[in-house]
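The lines below spell out each chain.
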Amino acid sequence: MKISKPGWKIGWRALTAALVCLAGGGGLFAAQAIDAAAPAKPAYLAAFPNFAPRLTPQMPGDVDIALKTQLERAQKFSEVQREFDLYSWQMFLALNWPTNSQGQAAPKLTDTRFGPPHWTLWHNSSAIFQTDGAQPAACGVTPKARTLVLFRGDLAKPVSKGLAPFSTQAVANADPRSTRFLGVLSAVGELNAANLGDDIDQAFSGPMLDQNGEFVYYEIMIDPNEVGYLCDNSLYNINGQVAFTKAGGKVAMPIGTPDQDWSGSFELKFAWRILKPGKDDFSRFHTSPAVVMDPGPDGKPLERKVTVGLVGMHIGHKTKTSPQWIWSTFEQVDNLDVDAVAHPKLSPSFVDPNCPMCAVNQLPQKVKGVYPRIPTQAWRGVPIPGDKVALNRQAQAALKAQGSVWQYYQLIDTQWPTDPTAPPAPWNGGLPNAIGNKPGGNPTPVFLTNITMETYFQKGNQVACNGEELPGGQDCPASGPAQPPVWNSALNSLGKPVTSGINTLTFQTESCMGCHSSAGVWTAYDPKSGKGKQSGQLTADFSWLLSQKASYEK
């Protein structure tokens, strides 16, 4: 039996039996008895389905499975989504909760003098996947020691391939928890000031510039659970990955469970923009002192000390309910729009409101090998859903009441697998599943992007095969007659695959789960030529770090 609602494709094979059981009085009594014996819900669900105004730093390892099961049996699918969205907000707050260097959380979210956000105790991806492929320092300490990153000896090495290390003066006496060291200029890959002038794959990677003409910077943090797994299996460099795969190893990151706080693998991606006095309202951003490797006027790397503001945050978390990971994405509220009446001096970070005809989401173009400081005119392909808007208002009101800067952030959406056992749909198996279930798990929503990280993936209408997992080395078939020519709601409601659908015109942005399902791991490498092979879809457990960040140790 298959039950569906718009944007939600779920295979509910056990639902019929569950409904039959609940139909009779005995079944209902049994369900009530089970609910009565169920453990207490975590604090963030105290006002479910509303946002609980009492904030806590707890990080459950998964959503509340009992509640999820209860809602699914009652066919309250929108409320299941709300449970995941509330979990996203709880992860966001727990990760950003002020935490001291002993790992203790502050009494209140606003006690910022107590310590920087919790995630600053985690490992920067450049410290684990070092540019020379060396074993990271984290692999030489005990698991307990990995939970508190209080120094960054790795800053003697570049934070991105091709860059020079930061100067001794910049690194000396810098608090690694309070200061960001930034050099990556693309949310995808290793684009930086040293290779920005090179010929890069513009279809896959490119820099973003804010309305001040400053580049956006990106960094990735990895939690201690995943770091331990990477160390134990020597997956931090190409050498180790090749040995791992040749021995028959399959990447399987740690899984979070609701009864163990902070369990499971986490990968966090941050987007930062440089704030300027007199132009930006610092009070509306989570800010941090930073040292950046900026492209100078001649295109060469230039080290600068600046203040950065957080404009985007991705949370990827592998859990028991979601082996395809839970994907939560947040943005600062001024990214694309501001209330000019309430804040007449405020301007959007990534939109020029005085240029309504400006082309949107266009990769900047080089002039004589240098990028002119022309701002990106950003556009959101999929509007923030109404239920998310309503939930954000509740969360922002609670945060405003406490005087927290996090009142200026919003959840864009949460993507998760509605049927983790569902295999990926074949790329040529017909629409809608060839796109909608590309990664397996029947994700909902189908598309999820962050405007600061997937800016150039939001292209709107395009042929279907651009969103399908084509065989390695195969491009979209040449344009020609498409059958059907345009995907529409009538076709979408048929409840069965429509083939061939390869060149059918569809709407697409990007999918966190779909994109990360394509990540692979190194299976062969020739250090002389610098070339090798990587495995295909679903072989890196939804982590691009292994293929994108790993280097060969000579």
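Whatever comes next refers back to the structure up there.
Values in this document were obtained by computation on a predicted structure and should not be read as measured data. (Residues numbered from 1 in each chain as written. Predicted model: local features only at pLDDT ≥ 70, side-chain atom pairs only at ≥ 80, totals over all residues. Heavy atoms only, no water.)

(A) Main features of the overall build of the protein. Scanning the protein from terminus to terminus reveals 14 helices and 15 strands. Computed over the C-alpha atoms, the radius of gyration of the protein is 23 Å, within 12% of the 24 Å expected from 2.2 N^0.38 for a compact globule of 554 residues. Dimensions of the protein, computed from the C-alpha atoms along their principal axes, are close to 75 × 60 × 60 Å. Burial statistics for the protein: of 554 residues in total, 54% are counted as buried. Within the protein, contacts between residues at least 6 apart in sequence are counted, and of these 72% link residues at least 24 apart. Accessible surface, the protein: about 24000 Å² in total, of which carbon and sulfur atoms supply 56%. Each charge class in the protein was averaged separately, 47 positive and 45 negative side chains, and the resulting centres sit 0 Å apart. (Helix = DSSP H or I, 4+ residues; strand = E, 2+ residues; numbered from the N terminus. Rg over C-alpha atoms; globule rule 2.2 N^0.38 Å. Buried < 20%, exposed > 50% of the residue type's maximum accessible area, 1.4 Å probe, protein only. Contact = heavy atoms within 4.5 Å. Areas by Shrake-Rupley, 256 points an atom, 1.4 Å probe, with all protein chains shown as cover. Lys, Arg positive; Asp, Glu negative; His and termini not counted. Charge placed at Lys NZ, Arg CZ, Asp CG, Glu CD.)

(B) Molecular detail of helix α10 (residues 386-401). In a regular helix each residue adds 1.5 Å, so 16 residues correspond to 22 Å; α10 covers 23 Å between its end C-alpha atoms and thus fits that length. Buried residues of α10: Lys 388, Leu 391, Asn 392, Ala 395, Gln 396, Ala 398 and Leu 399, and no others. Projected down its long axis, α10 shows its buried positions confined to an angular sector of 160°, all on one face. Summarising the geometry of α10, the exposed residues directed more than 90 degrees from the buried face are Gly 386, Arg 393, Lys 400 and Ala 401. On its buried face, α10 sits against α4 (77-96) and β10 (409-417). (Expected span 1.5 Å × (residues − 1). Arc of directions from axis to C-beta.)

(C) Quick peek at the side chain of Asp 334. Structurally, Asp 334 can be placed in the loop between β9 (326-332) and α10. Apart from residues lying up to four places away in sequence, Asp 334 is in contact with Arg 284, Leu 346, Ser 347, Pro 348 and Ser 349.

(D) Region of interest: the pattern of salt bridges. Counted according to the given criterion, the structure contains 19 salt bridges. A salt bridge links Asp 413 to Lys 388, with the nearest nitrogen and oxygen atoms 3.0 Å apart. Here Lys 388 lies in helix α10 and Asp 413 lies in strand β10, a separation of 25 residues in the sequence. Each of the two residues, Asp 413 as well as Lys 388, counts as buried. Between Glu 469 and Lys 438 there is a salt bridge; the shortest N-O distance is 3.6 Å. Here Glu 469, found in the loop between β12 (460-463) and α12 (489-492), pairs with Lys 438, found in the loop between α11 (433-436) and β11 (443-444); they are 31 residues apart in sequence, far enough to count as distant. Through salt bridges with shared partners, a single ionic network connects Glu 214, Lys 276, Asp 294, Arg 304 and Arg 373. (Salt bridge = Lys/Arg side-chain N within 4 Å of Asp/Glu carboxyl O.)

(E) Molecular detail of the pairing of strand β13 (residues 505-508). Of the two faces of β13, the one lined by Thr 506 and Gln 508 is fully buried and the one lined by Leu 505 and Phe 507 carries no buried residue. Of the strand pairs in this sheet, β12 and β13 are connected by four bridges, and their pairing is antiparallel. For Gly 460, the partnering residue across the bridge sits in β13 and is Gln 508. (Pairing = 2+ DSSP bridges.)

(F) Seen up close, the pairing of strand β15 (residues 531-534). Relative to β15, strand β14 (residues 522-526) is paired through four bridges, and the arrangement is antiparallel. The residue bridging Ala 524 from the neighbouring strand is Lys 533, located in β15. Hairpin connection, β14 to β15: the antiparallel pair is bridged by four residues, and Gly 530 has positive phi, about 75°.

(G) Layout of the packing of aromatic side chains. On inspection of all chains with the given rule, the structure shows 19 aromatic pairs. Ring geometry for Trp 122 and Phe 266: centres 5.4 Å apart, planes at 45°, overall tilted. With Trp 122 in the loop between α4 and β3 (123-124) and Phe 266 in strand β6 (residues 266-274), the pair connects residues that are 144 residues apart, well separated along the chain. Taking 5.5 Å as the distance between ring centres and 90° as the angle between the ring planes, the aromatic pair formed by Trp 522 and Tyr 525 counts as edge-to-face. Tyr 525 sits in the partly exposed class, given a relative accessible area of 26%. Here the aromatic cluster, defined as three or more aromatic residues joined through ring pairs, consists of Phe 51, Trp 89, Phe 92, Phe 330, Trp 406 and Tyr 409. (Phe/Tyr/Trp six-rings, centres within 6.5 Å; stacked < 30°, edge-to-face > 60°.)

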